[in-house]
Each structure stands twice: as C-alpha cells, then as structure tokens.
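# Observations on the model geometry
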Amino acid sequence: MFSGPRRWGARGDYERVPEGPEAQKCNPEKSASFFSRMTYSWFSRIILLGYKKPLEREDLFELNESDSSYIVCPIFEKQWRKEVLRNQERQEIKASFHKEARARKPSLLYALWNTFKFVLIQVALFKVFADILSFTSPLIMKQMIIFCEHRQDFGWRGYGYALALFVVVFLQTLILQQYQRFNMLTSAKIKTAVIGLIYKKALLLSNVSRKRFSTGEVINLMSADAQQLMDLTANLNLLWSAPLQILMAVSLLWQELGPAVLAGTAVLVLVIPINALVATRVKKLKKSQTKNKDKQIKLLNEILHGIKILKLYAWEPSYKKKIVEIREQELEVQKSAGYLAVFSMLTLTCIPFLTRISLGRLEDFLNTEELLPQNIETNYIGDHAIGFTNASFSWDKTGIPVLKNLNIKIPEGALVAVIGQVGSGKSSVLSAMLGEMEKLTGVVQRKGSVAYVAQQAWIQNCILQENILFGSTMQKQFYEQVLEACALLPDLEQLPNGDQTEIGERGVNISGGQKHRVSLARAVYSRADIYLLDDPFSAVDVHIGKQLFEKVIGSSGILKNKTRVLVTHNLTLLPQMDLIVVMESGRVAQMGTYQELLSKTRNLTHLLQAFSEQEKAHALKRVSVINSRTILKDQILEQNDRPSLDQGKQFSMKKEKIPIGGVKFSTILKYLQAFGWLWVWLSVASYVGQNLVGIGQNLWLSAWAKEAKHMNEFTEWKQIRSNKLNIYGLLGLMQGFFVCSGAYILTRGSLAASRTLYAQLLDNVLHLPLQFFETSPIGQIINRFTKDMFIIDMRFHYYLRTWVNCTLDVIGTVLVIVGALPLFILGVIPLVFLYFTIQRYYVASSRQIRRLAGASRSPIISHFSETLSGVSTIRAFGHEQRFIQQNKEVVNENLVCFYNNVISNRWLSVRLEFLGNLMVFFAALLAVLAGSSIDSAIVGLSISYALNAPWIMSKRPPAQWPNKGIVEFINYQARYRDDLGLALQDITFQTHGEEKIGIVGRTGAGKSTLSNCLFRIVERSGGKIIIDGIDISTIGLHDLRGKLNIIPQDPVLFSGTLQMNLDPLDKYSDCQLWEVLELCHLKEFVQSLPKKLLHEISEGGENLSVGQRQLVCLARALLRKTKILILDEATASIDFETDNLVQTTVRKEFSDCTILTIAHRLHSIIDSDRVLVLDSGRITEFGTPQNLICKKGLFFEMLTEAGITQDSVTK
C-alpha cells in the first residue's frame, strides 16, 4: 500500500527511510532561473521523458517541502486546536453573561483562513494584476483602430501598438499561469489538511459518534466534502474578481457609449436576485444529493465487505435494487440542478452556498463526541492491574446500561477467564477495560500498556511480518519464538514468500484460524503489560488451541508473567485460571477461583453441568493431554508433505492497473452510446449553431459600424437603424435559444450516460467472481463509484462542452481573421504545426500523470476503510500516531501526482497561450501593414477574435429441485487461480438423501474450499458436481445458490432493521420471522428491544455480540429451508450450552435435509451418519465415525488430540 519503507525512531517519531540517491526525484524548481520558473521550462524534462516512455511514479518530481502533507497537516491541526480553545473561551464568556447562550461550533473556515491566509492573499494579488492586464489589451486595441482610421499618423506608431499588445498579453499569460498554479496547489493543500483532520478525528470517535457516522459517510466526508472545499478555493477569487471585472468593463464602456451602457448594467442587476433564488434552490438540492451519496457509499461499503454472503444467498439483485433506488434519487437531484445551470451566473452565485453545506457537515463531524481518556485512571495506588469499582457502562450516554455495578480487581500477572452465555456481556467487559464504552458511574483503573486480540481478527493489507511487528522493531530471536508459540512456523514454510507474503485486505487469502493466530502473534510481540483476549481459540482446531494455551497464555507460556484476561467458551480451561468472572445479563454473577466457585456457588456448577450434559449427549470423555511437543512435531511432519492451509489461495492484492497510451476510441464510443446518439447530434447542432450565430452577430455589428462611418447625415443613419437593430436582436435571441437548448440537451444526454454507465458498472461488479474481491482493495472499487463516477456525473459533460466550444472557437477565429486578412494564413500554418507538436508531447505525459493521480486515490480510501474497521485494535495498542503518519504518506503520494499534473497543465498553457499571443501579434502587424486597404472595423474584429482564441442461463432446473438432497462429487478438482496448485484433487464421493455428513481435517485441508465449490464460488478445474441428477455447472449461479443453504463462518450483518437482515427479499411474514427467532433462542432478546423486528442494526452488526450475530445467521438459514444445508464452522463464536441448543435445533428442523457440517469442535459432528476426512485437498477417509476410529487413521488422531475416546463414541 505504501510507497517505500518506513521505521520508527527511538522516541516513536516517524521517519522516512531513503532507498538510495534515486529514491526521490529532486525537484529542480527552486534552483531554476526566474524565466524558467515563469515559463515552467524546468518541467520540460518530464514532458520529454513522458513522450519517450509511459511515466511511472518514480519519474515524477517530489513536492517542495512546504507543500507536503507532513508539513501542511500539523500546521492546520495546530490552528484547529487554537480555534477549538478560542470557541470554548467564547462560550464560557457568553455563559457568564447569559444563562442560556446558544452553543456555537468552532469554525473550520476560520481555522483554514488562519493557516493559509498569506498564500491566499498572494494568489489574490496575482489575480488582480492579471485582471488589470486583461483590460489593458482593449485600450491598446482602441488606439490601433484610431491609428487605422487616421493614416496620416503612419510611421512606427502602428508597429509600436502591435508590439505593446504582444507584450501585454504575454505578461498577462505569465501572471495568470502563476495565479493558476498557486491557486490549484493551495486548494489541494486545503483538501489535504482537511483529510488529515478527518482521519485523526475518526481514530478518536466515541461509539455514539461511530453509530452516527458510518464508514461510508466518513469516506464521503473525506472524498466529496473535502473536494467541495478544494473547489471553493479554486473558485474563491471569482467572488470578488467577477464584480471587479464587471465594474472595469462598465467604466470602459461608459467612456465609449456613455449612458447607453446603463441598459446592460440594468440587466446584470436584474439577473443577480434571480441567480440568488436559483442558488438557494441548488443549496437544497445539494443537501439532498449529499444525503443520497452518504447512503449510497455506506450501502456499497457494506456490500463489498459482505460480498461473500450476498453471493452465497444470491441476494445480489435485492441489494442492487436498493443501490439503484438511491442512485435514481441522486440523478433526479442532478437533473434539477442541471436545468438550473442554464443561468450563466449560477456557478458564481452557488459557490458560497454549496460550500456552506460541506463546511457544516465537516464541522458536525469534527465537533462530535470523542473517547474520554480520563474515563480510565492510570495513576493509582494498588497492586491490581485492572480495577472496576461500582462501574456501569453503556454504548451511549442515554442508553440502557449494558454492564451494571462491576466490582472487579484483577491482580498483576493474573490469568483471568470471563465466561457466560451469548449476550451476557463478556466482550463488553473487555471493551470497558479498553475505554471503548461510555462510563455512566463508578471508577475504572488500568495500569500499563495493553494488547488486544479481537473476537473477529483484524488483519492489515501488508506482508505477514508487518502484521505481526505492528510498528515494533525486529528482534529476530523473540520474533521466531513468537511464531513458534503461535503455531505459525509450519504455515510460513509453505507460504510462497514466507513471512514476506502479502496478506490481502481483511486477511482474505488466509483461513480464519490463521487470522486469529496472526492477531495473537501481533499481541504477544508487542510485549505489553496487559493482554485482553476475546475468544482467540474459537476459529482454530482443538490441538492448535491446546498449543496456543500452553505456549502462549498458560502458566508455562510466553505471557506467564503478564496480566491476561481471556473471554472463552472452553470450560475445560477453567481449572488453570487464577480468577474466573461469571457474567450474566451484564452483571458479575460470581467471581473467584475455580475451587471457590465450585464449592460455594451453583452458577459454575450449572455451567459445568450443561457442559457435562453436552459431553454425555455427544459421548465426550476427556483423556490425558498428549504431549504438546509430539503434536507439534507430527503437525510439522504432516504439513511438510502437503500444501499449506490455503496454498491454493495464495495470491497478492492487485495493485491498480494504470493504462498506458491514448484513450481507446472504443471507450469514447461507449460513452457516446450511453449518452445517446440523438442527444449527441442535437448537442453538436446546438453548439455549432450558437457559434455561427455569434460570428454572425459580430460580422453584422462590424458591417453596421462600417456603413455608419460613411454616412454624413443623422437622418440617413436613423433610417437604417431600426432594420439593423431588429436583425441584431433576432441574432441575439437565436443565440440565446441555442445556448439554452445546448445546456438542456447536454444535461439530458449526460444524465442518460451517468445512469447507463453506473448501472453497467454496478452490474459488472456484482457479477464478478469472489476472487476479484479477495485480490482487489476495496478502495479501488469504491474509487470507481465515487471519484470516477463523480467525473462522469459532474465534470465530463463540462469537459465535453469546453472542448466543443474551444474547437469551434478556434475554427471560427481562424476563419474570421483569414477572411479579414488573407495573408494571415501564412502565419497560421507554422502556428498550427507548433500547436500540434506541443500537444503531442504534452498529451503523452499529462495523460499518464492523470492516470497515476487517479490510481493514487485508491490507497487513501483503502487505508481509511481499513483503519475504521480496526480502530478498536489500533486504539488498544496506542498506535494512533503511527496510522496518522501512514495516512499522511498515502495522501502525500496523491499530492505528488496532483502537483505534477498542475505543473504540466501550466507548462502547456504558457506555450499555447504564447502561440495565441503570436497570433494576436501577427493579426495586429498585418493590420498595420495593410495600410488603407482594410477598414478599421474589420481590424477591430480580427484582433478581438485573436485575443479570445480559446447471470441467468437458458437451462434452468425444475422448480422443486433438489427434492432428494443427493450430492455427488466425481473426480472433482479446483484451484483458486490458473497459476496456483490444486486446492482440491480427485474428490469423489456421494451422499445419500437426508444424510448428515461431517467434514473434518486439519487447518487448510480444503474444508471451506469444498463448500465454496458447491456454491461455485470457486469454479472447477476438472470433474463435476451433481446434485439430484443435475450437473451444477450447467445451470445459472442464482438458480444454484437460491436452492442451497449455508450458515457461514463469518456472521456478516448489514446496517438496517433486524427484519431486513433476516429477510432482505421480503418473502416471509412476521409470524414466520418470530418462529425462527424462537427456534434460534433469540425471541426473548428481540422482544426486549424497543422496536423489536424493526430494531436498527448498526454497521457490521456492532450493536450485537458476535454470538448473537451467529444466531441471526442461523435464523436466516431456517427461513430459507432448502434440501441441502452447509454449516461452515457455524457455532465457533457461541458458548457450548448455546451450541448444544443450536445443534438440537438444526437436527430437528433440518431432519429431512442433507447436512454437510464443517467443524473444529469434533463433538458437533461425532453423531453424523458419515464423516469425510480431508488432507491436503484430498479425501483420505470416508465412512461412519465408528469405522474410521477402528482404522486408526487421521480421524482417530484428531479425536485423540481432542480427548475423545473410542469407548465414548460407541456409547
């Protein structure tokens, strides 16, 4: 993700590590001469290099130090803090005078002004000088016209005027391009500063604020609203420059026309209030559009994170419909705004209104609640590492307490277990220790640094080693000790690049067990004082869990002298605990050592009895623990002979592909087709028409002036005035009609293109195979839907209109000047040659720089999204500053590309405008040389023109298919990618109807791959799968997935109501929903919620425990009762008692179905009709549990490791 290596200094300061003298291309701007800086000649080497070869990031010039995010962000943050403090002082002063003073938020605009005021003033001065010079040209042109009328003054004065005109327009070009350069870079620095502040704020948000601002909304603030501020700065000077130019124009016209100019002024005055009304309307539309964008990005972000669930349940059409509905609302707003854009002064008037909306949204976010570090006391007297005294907690200040009256003292170095049923508050206790919850009452104390292992492992998109080091320095011996203790060494031996293998976003290319072990290794390597471990054994095999406990957490593990708080469902570990906390309904039901609780209370006895009943029901009997060294040795020996757990899935995240060469004609054609050919030709006709009428107006006015000059009497002039004026007015009306028609047609066409291209993009993305999402950073995908679609929606039609107008203006200009001065054609030919030469060099470089800039935006969004998903872990480790620096780095990379893009545009503008200036000079010079052969009106016309050059398949299964539930694999092979090894090899087996099959194997044996193949998430490389007589490769994906059922390993929920999460397709009644909730033991919990089925699930289901989320997923499966059910580690996150209830429910409700169960907990499959044992992607054993035990093969070894004896199985 990041451009180069980095390290942390001795004091924790971030340092960039150089990679040699060529690591960063030195910026030659400072050492360039004055002339080179004014004409941007110092940038020519990049232009020439880009012409020779496609530019890469390493070829670009670095930023000046003062422009980098490393300098800009801290300065702005300092000013923002000052503004916050000033605001607090103002509120205190107001409060002392007024009891009910209205709260005023700190002003983001004021903080920005204090940060950038000097450079903004410098930009304004450039603009003033450029405007003054733009009105100097007409004054010189007036003298040339007078000169041409009075040839008696012929001499060198005419050549002087021509030269003076050239010098003035050339100076104007240089100053205007400096203005543009500083203006654009300042606007980019403002955007950079705001993004930095948003990122820092996102790391500090309280849980209340995180519920208020979803990930999608925060990303929208960073992209859309920060961009709006950037646009404000770019157009800021128009607010005063436009009125100044109008005043100067009116004053010049007054000198020429006298009081007649007041008519035009009156029209301008009349238009201002109309435009103000329009701007007010646009402000309302913008607010509506912004809300729609927030909804769209929020939903899209959730869809991309839960894409596997959508594909497994065939829910893509339902969620596509939801996004399209939001998109249509957005396009309706865009259409209204587009029609209002017909008013010429709309952009100028709307700038402050539109920016006020973004400023308000940003200020709301930046002033929202933060976590309060003072909630946790760190300086106290006592030998306990963690302490709660009468402490109650809630997820928000006004909410119902989730934890009540906690009184816990955890001694330093103690091993503590927190146990209880699903929803009892176990994970909430850890959140309270971390300071993630709102403290309502009591005292919380914590001593020392913290390491946290979340229940859902958070993995970064970087190499495995960086995931473990997590910013710490490498200490080889301890690092290898950690790898060995966390059972990662066998995996590293099989990974393509060992610990240098890149891990995909959210750890998509490693198994659930590996994610948890990497997460645990990260915590162990941090050498913290306190370790908070939220059920780290839920996703690992039994023998791996034993090793982790013995070598990491237990009394002989690496952490034996550390304070360890372990949330667990594994009650067999309790005898080894120093302290046990039993949670029930958010309270501490009992607390003490194992023996104390066993002898004094019934609570622990009750739990152990439930566990014993489960053991009895599943014929469990613990035996002595096998020596862990023997297990590890056997594990390594076995895994050396087979591929690693997910070797079939070893692929790196794809870097964004940057196209090279010109834009393909097919791309342009695709846009024009989406635009609609009718609207294309009508647009061309309207713009050609308005340019022809415009030229006609000027020619008519010139002819009128020529005739008037030769008239001797006023009456004669008065006679022709009416006719001339009527025709001139008619031409004006025609031009107005063409302009309005062009705006309307362009709006209609661009809306059609936006709708079509968005629909195609969304449809294509939802139909891509799962591997695409596992190898493509989410930031890249979101970037397509945000920034790229923003260009299609808002910018592209503007670029198109500008290009058409510019092309027609150039053609018209040349034709008018050549018509007036035929010799001008001699000057045009070399100018045209130079123009195309410059363009050819520029386009090759600029196009690639723009592509690099586009690609550099994706890592910003990816890093932002990744940070938001792991913010609890980042805060627990205290690594906020490190991640802030990483954000500055990715933002700086984008800023480097933007800087080079701005300079390349200025390089081109200076040269093209210089050619335009030469055109002006030639036109003026020819007018002087023409002497008396040309009329002064034609001279004025020609020079003024020179100054202004500008998824379902045909074969479908029967409706009742499958009706038996017979699944048959025949010589089946599968791989995750063509260049990778087989993940499944020669799989052949057949189930009977309504049979219960257990699928087991060590981590990485291919268990989850088998279920993926059933849903065609992974396509076959050979063989076939037949379900009830139909080859599944011959039917459509939706037909297949709609007929299968799965309870997945990861309990993914989407924001929205509980009802929507259970039944997004609205197929079932409320009565049916309550029925399945009762079967899943969730009915009582849901009835206790204020809105019951309409209870709002927060983003990612964060307001439910992981166990509750898993039960919701079970409820989904019960609703979709099909003939075939796959359970993929479905009960890994729930306690044994609830697991027992769930297994009973599944056996009862799916008694007439074929069930394929993938499980780490062998007790859940021990009563299966048959067991399928996988190893290295092959079937090693398949038969009844009793027969496999008699064979004493791999299944027997796994049972022995889990402590299950042959006698207990046969009971």
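- Within an unreviewed UniProt entry, the label attached to the protein reads Multidrug resistance-associated protein 1-like, and the organism entered is Felis catus.
- Database annotation for the protein, UniProt heading Subcellular location (unreviewed entry): "Membrane".

### Topic: the overall build of the protein
- Assigned secondary structure in the protein consists of 40 helices and 24 strands.
- The proportion of buried residues among the 1211 residues of the protein is 56%.
- Accessible surface, the protein: about 52,500 Å² in total, of which carbon and sulfur atoms supply 58%.

### Brief notes about the sheet that holds strand E6 (residues 415-419)
- In space, the 6 strands of this open sheet follow the order E8-E9-E10-E6-E11-E12, with mixed pairing throughout. Bordering the open sheet on either side are strand E8 (450-453) and strand E12 (587-592), each of which pairs with just one other strand. Ignoring strand direction, the axes of neighbouring strands in this sheet form an average angle of 15 degrees.
- Bridge analysis of strand E9 (residues 530-534) against strand E10 (residues 563-567) gives 5 bridges, and the strand direction is parallel. Pairing of Leu 533 across the sheet is with Leu 566, part of E10.
- Of the strands in this sheet, E6, E8, E9, E10 and strand E11 (579-584) touch helix H13 (residues 426-434), which is tilted by about 150 degrees from E9.
- Where helix H17 (residues 512-525) meets the sheet, its contacts fall on E8 and E9, and the angle it forms with E8 comes to roughly 175 degrees.

### Side note on the side chain of Arg 906
- Here Arg 906 lies in helix H29 (residues 880-929).
- Within the buried set, Arg 906 has no salt-bridge partner at all; the shortest N-O distance to an opposite charge, 6.9 Å, is to Glu 913.
- In contact with Arg 906, not counting residues within four places along its chain, are Tyr 40, Gln 177, Gln 180 and Arg 181.

### Re unusual backbone geometry
- Residue Pro 962 is bonded to the preceding Trp 961 through a cis peptide linkage, with omega at -10 degrees.
- By the secondary structure assignment, Pro 962 is in the loop between helix H30 (936-947) and strand E13 (967-974).
- Notably, Ala 487 is not glycine yet its phi reads approximately 60 degrees, a positive angle.
- One can find Ala 487 in the loop between helix H15 (476-485) and helix H16 (489-494).
- For Arg 1016, which is not glycine, the phi dihedral falls at a positive 55 degrees.
- Within the secondary structure, Arg 1016 sits in the loop between helix H31 (1007-1014) and strand E16 (1020-1027).

### A closer look at the pattern of salt bridges
- Tallied over the entire structure, the rule returns 33 salt bridges.
- A salt bridge links Lys 127 to Asp 131; the nearest nitrogen and oxygen atoms lie 3.5 Å apart. Of this pair, Lys 127 and Asp 131 both sit in helix H4 (residues 108-149), 4 residues apart, roughly one helical turn. You'll find Lys 127 and Asp 131 in the same group, each marked buried.

### Brief notes about helix H22 (residues 665-675)
- Listing the buried residues of H22 in full gives Tyr 671, Ala 674 and Phe 675. Axial view of H22: buried residues confined to an arc of 110 degrees, hence all on one face.
- Following H22 by one or two positions, Gly 676 adopts a phi angle in the positive range, close to 100 degrees.

### A look at the packing of aromatic side chains
- In total, this model carries 28 aromatic pairs according to the counting rule given.
- An aromatic cluster is defined as three or more aromatic residues linked by ring pairs; in this entry it consists of Tyr 313, Trp 315, Tyr 319 and Phe 1054.
- Stacked on the ring of Phe 478, the Lys or Arg Arg 527 has its end atom at 3.7 Å from the ring centre.
- One cation-aromatic arrangement involves Arg 882 over Phe 470; the distance from NZ or CZ to the ring centre is 4.6 Å.

### Quick look at the side chain of Ser 741
- Inspection of the secondary structure assignment puts Ser 741 in helix H24 (residues 714-766).
- Residue Ser 741 is classed as buried on the basis of its relative accessible area of 17%.
- A polar side-chain atom of Ser 741 sits 2.7 Å from the main-chain carbonyl oxygen of Phe 737.

### What about the sheet that holds E13?
- If you trace the 4 strands from one edge of the open sheet to the other, you get E14-E13-E16-E17, paired in antiparallel fashion. Unpaired on one side and paired on the other, strand E14 (984-990) and strand E17 (1030-1031) mark the two borders of the sheet.
- Where E16 lies against E17, 2 bridges are found, and the strand directions are antiparallel. Across the sheet, the residue bridging to Ile 1027 is Ile 1030, located in E17.

### Section: the UniProt feature "transmembrane region" (unreviewed entry) in the protein
- Per the UniProt record, "transmembrane region" (unreviewed entry) is annotated on residues 159-176, 260-278, 336-355, 727-746, 810-838 and 914-934.
- Counting secondary structure, residues 727-746 comes out at 100% helix and 0% strand; the distance between its end C-alpha atoms is 28 Å.

### What to know about the packing of helix H5 (residues 157-202) against helix H7 (residues 215-235)
- The N-to-C vectors of H5 and H7 enclose an angle of 155 degrees; their axes lie 8 Å apart at closest approach. For the element pair H5 / H7, the angle class is roughly antiparallel. By crossing handedness, the relation of H5 to H7 is classed as right-handed. Within the contact between the two elements, H5 uses Tyr 179, Asn 183, Met 184, Thr 186, Ser 187, Ala 188, Ile 190, Lys 191, Val 194, Ile 195 and Ile 198 and H7 uses Val 218, Leu 221, Met 222, Ala 226, Gln 227, Leu 229, Met 230, Thr 233 and Ala 234.

### Regarding helix H2 (residues 44-52)
- Residues of H2 that are buried: Ile 46, Ile 47 and Gly 50. Projected down its long axis, H2 carries its buried residues within an arc of 100 degrees, all on one side.

### Points about the packing of H17 against helix H18 (residues 542-553)
- Close contact between H17 and H18 brings their axes to 13 Å; oriented N to C, the two are set at 0 degrees. By the criterion of interaxial angle, the relationship of H17 to H18 is roughly parallel. Contacts from Arg 517, Leu 520 and Val 524 of H17 reach H18 at Ile 544, Leu 548 and Val 552.
- Considering only residue class, the contact of H17 with H18 consists of 5 nonpolar, no polar and 1 charged.

### Here's the deal with the environment of Ile 861
- The topology assignment puts Ile 861 in helix H27 (residues 824-869).
- For Ile 861 and Asn 783, which are 78 residues apart along the polypeptide, the C-alpha to C-alpha distance reads 7.4 Å.
- With near-sequence residues (within four places) excluded, Ile 861 lies in contact with Ile 219, Met 222, Gly 779, Ile 782, Asn 783 and Thr 786.

### Things to note about the environment of Gly 689
- Here Gly 689 shows up in helix H23 (residues 677-709).
- Linking Gly 689 and Phe 737, residues 48 residues apart in sequence, is a C-alpha distance of 9.6 Å.

### Side note on the confidence of the model for the protein
- When pLDDT is averaged along the protein, the result is 79, and 82% of the positions lie at 70 or above.
- Taken as a whole, residues 1-24 scores under 50 in pLDDT and shows 42 contacts with residues more than four places along the chain or in a different chain.
- Contacts for the low-pLDDT stretch residues 932-939, under 50 throughout, to residues beyond four places or in other chains number 18 contacts.

### What about the pairing of E9?
- Burial analysis of E9 places 5 of its 5 residues in the buried class, which makes it a mostly covered element.
- The side-chain alternation of E9 yields two buried faces, one formed by Ile 530, Leu 532 and Asp 534 and the other by Tyr 531 and Leu 533.
- Handedness of the crossover joining E9 and E10 through H18 is recorded here as right-handed.

Reading the values: the criteria
- Residues numbered from 1 in each chain as written.
- Predicted model: local features only at pLDDT ≥ 70, side-chain atom pairs only at ≥ 80, totals over all residues.
- Heavy atoms only, no water.
- UniProt positions renumbered as here; feature names shortened; annotations may be inferred.
- Helix = DSSP H or I, 4+ residues; strand = E, 2+ residues; numbered from the N terminus.
- Buried < 20%, exposed > 50% of the residue type's maximum accessible area, 1.4 Å probe, protein only.
- Areas by Shrake-Rupley, 256 points an atom, 1.4 Å probe, with all protein chains shown as cover.
- Pairing = 2+ DSSP bridges.
- Axes fitted to C-alpha atoms, helices over the stretch in contact; angles between N-to-C directions.
- Contact = heavy atoms within 4.5 Å.
- Lys, Arg positive; Asp, Glu negative; His and termini not counted.
- Salt bridge = Lys/Arg side-chain N within 4 Å of Asp/Glu carboxyl O.
- Arc of directions from axis to C-beta.
- Phe/Tyr/Trp six-rings, centres within 6.5 Å; stacked < 30°, edge-to-face > 60°.
- Lys NZ or Arg CZ within 6 Å of the ring centre and 35° of its normal.
- Polar contact = N/O pair within 3.5 Å; in protein donor to acceptor, adjacent residues only side chain to side chain.
- Parallel < 35°, antiparallel > 145°, perpendicular 65-115°, else oblique.
- Left-handed = near helix turned anticlockwise from the far one by under 90°.
- Nonpolar A, V, L, I, M, F, W, Y, C, P; charged D, E, K, R; others polar.
- pLDDT = per-residue confidence, 0-100.
- Right-handed = clockwise from strand over helix to strand, strands pointing away.

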